[in-house]
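# An overview of the molecular structure
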Amino acid sequence: ELALKSLGNEGLFLFSSLDTNNDLYLSPEEFKPIAEKLTGVAPISEFEEEETPDPSGETLSVVAKFQPLVMETMTKSKDGFLGISHVALSGLRNWTAPAAPLSVMLARQFKAFLPPKNKLDLGDPWWIIPSELNIFTGYLSNNRFYPPPPKGKEIIIHRLLSMFHPRPFVKTRFAPQGAVACIQAISTFYYTIAFRIHAEFQLNEPPDFPFWFSPGQFTGHIILSKDSSHVREFKLFVPNNRSLNVDMEWLYGASESSNMEVDIGYLPQMELESTGPSIPSVIHDENGNVIDSRDPSGEPIQFVFEEITWQQKIPWEEAAQKLEVAMYPFKKVSYLPFTEAFERAKAEKKLVHSILLWGALDDQKCSKSLSASLPLPGSGRTLRETVLESSPILALLNESFISSWSLVKELEELQANRENEFYSKLADLHLEKYNFPVEMIICLPNGTVVHHINANYFLDITSMKPEDVESSMFSFSTNFEDPSTATYLQFLKEGLQRAKPYMQ
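In this text, all values refer to a predicted model and were calculated from it rather than measured experimentally.

## Considering the overall build of the protein
For the protein, the count of helices and strands is 14 helices and 22 strands. In the protein, buried positions account for 50% of the 504 residues. Once local pairs closer than 6 in sequence are excluded, the contacts in the protein between residues at least 24 apart make up 71%. With an accessible surface of roughly 24,000 Å², the protein has 52% of that area assigned to carbon and sulfur atoms.

Here you go:
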């Protein structure tokens with residue numbers, strides 16, 4: 001109360017965003033973002049002091065490519081951003097280019113991507129940055145402007161993401177956080193490492209309120225020597241193959257409980273790529289003498305690199321799938337593209353288990369964008385981290401269903417495309433049953449819906465005591481301690497039962 005009286009609502013909001021341990025005292029470390037902002041001078045980080053360039057070490061040049069979010073893809077654009085202040089979106093509108101188009105880094109900094117000694121098999125994932133959140137721990141505060149100082153393996157990822165924007169948060173507010181990797185290829189001296197990173201950016205600064213920008217995922221690969229002295233190739237990017245790939249949230253008041261706007265949109269390009277292999281920062285001749293990096297005519301010396309012969313490798317798609325399952329255990333069941341799921345269901349004479357939702361189920365957007373009309377953490381995320389990854393559900397889905405998830409926007413486009421009447425009709429039948437934010441649907445291979453339930457209703461009834469549930473459509477089973485698993489199992493079995501007359 002005293003702090004509120006002294007600072008007022010907005011002053012306390014700013015103070016709280018810096019007071020990370022909530023002790024009502026700003027330590028020098030907590031005050032650092034404001035000091036840097038006011039003085040314009042950033043002190044040398046501990047990491048930079050420790051990592052003084054090795055004279056014989058190599059450096060890697062990395063370029064950033066960025067095309068800003070297409071504003072017309074945001075849902076709010078349909079009514080001309082009515083009721084949304086220009087200030088709220090200023091950080092987004094002003095972000096039109098990467099913060100650092102080119103950066104030169106030490107090859108050895110990429111050591112963080114090397115596998116631990118117990119993860120040397122192809123496709124066996126490990127955590128570069130472990131996720132510290134789950135359905136039980138909740139989520140981190142929305143009321144923050146400045147990222148905490150990165151530590152350990154977070155440092156290189158923070159530095160890479162800082163090429164896009166000066167305020168990357170290496171650990172997201174929602175699960176699954178962190179970065180996961182696996183070996184995609186092995187040679188005598190090199191690894192190809194595939195990786196997936198969940199990170200987000202804070203686009204606003206005081207006195208504006210926070211605006212969170214959360215790409216669905218960052219993925220990519222690095223080819224580096226087993227001693228990390230040489231990087232042959234590096235690429236990191238936000239996938240742009242779906243119609244929506246970024247979640248955005250912004251606050252409208254000076255407290256954690258203030259109103260929050262939520263939207264999703266499409267980012268055409270956000271990628272980092274090495275310009276070539278890492279090269280020695282200092283060149284020595286055969287006698288160990290330092291020589292000029294340019295030849296007598298003034299041209300840079302051209303390096304010739306040996307060709308890498310890979311002894312073992314797996315396809316990129318397989319590596320990506322392993323990383324996806326590490327982040328999202330529910331993906332132990334294959335979720336096929338919408339039209340492919342119906343083709344497979346017809347061939348295998350199975351039902352389609354389909355999830356239709358506003359934001360993606362298997363990336364960071366689902367963590368938050370499905371929470372607009374719900375208490376956080378959101379129905380899509382709750383489903384993903386509870387029932388969809390429980391063993392009984394995984395077993396029944398694998399045995400009796402072909403699974404798929406789709407974005408509403410993608411099905412609307414499929415519905416409007418009359419070139420394939422069958423696909424258009426499939427989309428039509430799905431959209432008829434859809435209610436915001438998530439609809440779970442069971443249907444025949446011809447698209448006929450035999451059962452469906454809205455995620456909000458499902459979560460409501462599974463949070464009640466069994467005796468309070470009036471509907472006879474779902475009953476609780478005592479076989480499982482978790483009522484949500486029991487109820488979803490009942491939903492699937494009910495769908496199988498209803499489909500029997502049609503599947504003879």
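## What about the side chain of His 221?
For His 221, the location among the structural elements is in strand E9 (residues 218–225). A distance of 2.7 Å separates a polar atom in the side chain of His 221 from a polar atom in the side chain of Glu 233. When near neighbours in sequence (up to four residues on either side) are disregarded, His 221 contacts Thr 192, Ile 193, Ala 194, Phe 195, Glu 233, Phe 234, Lys 235 and Trp 316.

## Observations concerning the environment of Ser 187
Structurally, Ser 187 can be placed in the loop between strand E5 (178–186) and strand E6 (190–198). Under the relative-accessibility criterion, Ser 187 is labelled buried at 3%. Each C-alpha atom, one on Ser 187 and one on Thr 309, is 6.1 Å from the other, the two residues being 122 residues apart in sequence. Once residues lying within four places of it in the same chain are set aside, the contact partners of Ser 187 are Lys 226, Ile 308, Thr 309, Trp 310 and Gln 311.

## Describing the sheet that holds strand E21 (residues 438–443)
Ordered in space as E18-E20-E19-E21-E22, the 5 strands form an open sheet in which the pairing is mixed. Among the strands making up the open sheet, the edge pair consists of strand E18 (335–336) and strand E22 (449–454). As judged from the 6 bridges shared by strand E19 (residues 351–357) and E21, these two strands associate in the antiparallel manner. Following the sheet pairing, Leu 356 is matched in E21 by Glu 439. Running over the sheet, helix H10 (residues 391–400) touches E18, E19 and strand E20 (401–407) and is turned about 105° from E20. Lying on the sheet, helix H11 (residues 408–416) is in contact with E19 and E20; it crosses E20 at an angle near 95°.

## So, the confidence of the model for the protein
Across the protein, the average pLDDT comes to 84, with 79% of residues at or above 70. Considering each helix and strand of the protein separately, the mean pLDDT is smallest for helix H3 (residues 46–50), with a value of 41, and largest for strand E13 (residues 269–274), with 98. Below a pLDDT of 50 lies the segment residues 365–377, which in the model reaches 56 contacts outside its immediate sequence neighbourhood of four places, other chains included.

## A few points about the sheet that holds strand E11 (residues 246–251)
Read from one edge to the other, the open sheet built from 5 strands follows the order E4-E7-E8-E11-E12, with strand pairing classed as antiparallel. Every interior strand has two partners, whereas the edge strands, strand E4 (168–169) and strand E12 (260–265), have only one. As defined by bridge partners, E4 adjoins strand E7 (residues 200–202) across 2 bridges and the pair is classed as antiparallel. Bridging from a neighbouring strand, Pro 168 pairs with Phe 201 of E7.

## Quick notes on the pairing of E11
With respect to burial, E11 is a largely interior element, 6 of its 6 residues being buried. Burial of the side chains of E11 extends over both faces: Val 246, Met 248 and Trp 250 are buried on one face and Asp 247, Glu 249 and Leu 251 on the other. As judged from the 5 bridges shared by strand E8 (residues 211–215) and E11, these two strands associate in the antiparallel manner. Residue pairing across strands places Ser 214 opposite Asp 247, the latter belonging to E11. Pairing between E11 and E12: 6 bridges, direction antiparallel. Bridge pairing in E12 links Asp 247 to Ile 264.

## Remarks on the nonpolar core
By size, the foremost hydrophobic cluster in this structure holds 59 residues, and its most contacted members are Ile 355, Met 440, Tyr 488 and Leu 492. Looking at which domains feed residues into this core, each of domain 2 (58–280 + 301–323) and domain 3 (329–502) gives three or more. Leu 89, Ile 129, Phe 195 and Leu 224 belong to the second largest nonpolar core, which has 55 residues in total.

## Section: the packing of aromatic side chains
According to the stated counting rule, one finds 20 aromatic pairs in the structure shown. Relative to Phe 113, the ring of Phe 110 has its centre 6.2 Å away and its plane inclined at 20°; by these criteria the two rings are stacked. Overall, the relative accessible area of 1% leaves Phe 113 in the buried class. Ring-pair connections join several aromatic residues into one group, and the members of that group are Phe 66, Trp 95, Phe 164, Phe 201, Phe 213 and Phe 218.

What counts and what doesn't
- Residues numbered from 1 in each chain as written.
- Predicted model: local features only at pLDDT ≥ 70, side-chain atom pairs only at ≥ 80, totals over all residues.
- Heavy atoms only, no water.
- Helix = DSSP H or I, 4+ residues; strand = E, 2+ residues; numbered from the N terminus.
- Buried < 20%, exposed > 50% of the residue type's maximum accessible area, 1.4 Å probe, protein only.
- Contact = heavy atoms within 4.5 Å.
- Areas by Shrake-Rupley, 256 points an atom, 1.4 Å probe, with all protein chains shown as cover.
- Polar contact = N/O pair within 3.5 Å; in protein donor to acceptor, adjacent residues only side chain to side chain.
- Pairing = 2+ DSSP bridges.
- Axes fitted to C-alpha atoms, helices over the stretch in contact; angles between N-to-C directions.
- pLDDT = per-residue confidence, 0-100.
- Core = buried A, V, L, I, M, F, W, Y, C linked by side-chain atoms within 4.5 Å.
- Domains from an automatic or database assignment.
- Phe/Tyr/Trp six-rings, centres within 6.5 Å; stacked < 30°, edge-to-face > 60°.

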